Each structure stands twice: as structure tokens, then as C-alpha cells.
Amino acid sequence: MFSETTLAEELYSVELLRANHRVAAFLTWMRKQRAATFRVRRARDRN
């Protein structure tokens, strides 16, 4: 969404990220999503 330069120079804190309209819109969308559940399989679980 942002270049490394933009992040380093303009959006270098959580507060600045949250204040950005693009990030705020994404966070609003994320809050409305259902929680995804997934299971991590390990080698010992396969037997």
C-alpha cells in the first residue's frame, strides 16, 4: 500500500498510520470481517 520511503518519512508511528485515510478505511473493513480460523498442521499431527 505504501513504499518504504513513505513509511519511513511520513507514516513512522502507529498513530500516523491510523490517521491515514487509506489505512483507516482498511482497518474499518477488517473489523467487519469474520474471524478466520485455521489450523497449523505439524509433522507429528499427521500420524
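Above this text you will find the structure in question.
*Asks:* Any details on the overall build of the protein chain? Residues and values, ideally.
*Replies:* For the protein chain, the count of helices and strands is 3 helices and 0 strands. Mapped in sequence order, the helices and strands of the protein chain form the string α-α-α. Its C-alpha atoms give the protein chain principal-axis dimensions of about 50 × 25 × 15 Å. By the burial criterion, 6% of the 47 residues in the protein chain qualify as buried. Summed over its atoms, the accessible surface of the protein chain is roughly 4800 Å², and 53% of this surface lies on carbon and sulfur atoms. Side chains of the protein chain carry 10 positive and 5 negative charges; the gap between the two charge centres is 19 Å.

*Asks:* Residues and numbers for the environment of F2, please.
*Replies:* In this structure, F2 sits in the segment before α1 (4-9). Residue classification places F2 among the partly exposed positions, given a relative accessible area of 22%. Along the sequence, F2 and V40 sit 38 residues apart, while their C-alpha atoms lie 30 Å from each other. Leaving out residues up to four positions away in the same chain, F2 has contacts with L7, L11, N20, R22 and V23.

*Asks:* Explain a nonpolar patch on the surface to me, using residue names and the numbers behind them.
*Replies:* Residues M1, F26, W29 and M30 make up a contiguous nonpolar surface patch of about 450 Å² in total accessible area. Considering the arrangement of structural elements, one finds M30 in helix α3 (residues 21-32).

*Asks:* Help me get a handle on the environment of K32, residues and values and all.
*Replies:* Assignment of secondary structure puts K32 in helix α3. Looking at K32, the relative accessible area reads 66%, which means it is exposed. In this structure the C-alpha to C-alpha distance between K32 and T6, which are 26 residues apart in sequence, comes to 27 Å.

*Asks:* Can you tell me about the side chain of N20, naming the residues and giving the values?
*Replies:* Relative to the helices and strands, N20 is located in the loop between α2 (14-19) and α3. Those residues in contact with N20, other than ones at most four positions away along the chain, are F2 and L11.

Rules used throughout
- Residues numbered from 1 in each chain as written.
- Predicted model: local features only at pLDDT ≥ 70, side-chain atom pairs only at ≥ 80, totals over all residues.
- Heavy atoms only, no water.
- Helix = DSSP H or I, 4+ residues; strand = E, 2+ residues; numbered from the N terminus.
- Buried < 20%, exposed > 50% of the residue type's maximum accessible area, 1.4 Å probe, protein only.
- Areas by Shrake-Rupley, 256 points an atom, 1.4 Å probe, with all protein chains shown as cover.
- Lys, Arg positive; Asp, Glu negative; His and termini not counted.
- Charge placed at Lys NZ, Arg CZ, Asp CG, Glu CD.
- Contact = heavy atoms within 4.5 Å.
- Patch = residues over 30% accessible without salt bridge, like charges linked within 9 Å, V, L, I, M, F, W, Y side chains within 5 Å.
- Salt bridge = Lys/Arg side-chain N within 4 Å of Asp/Glu carboxyl O.

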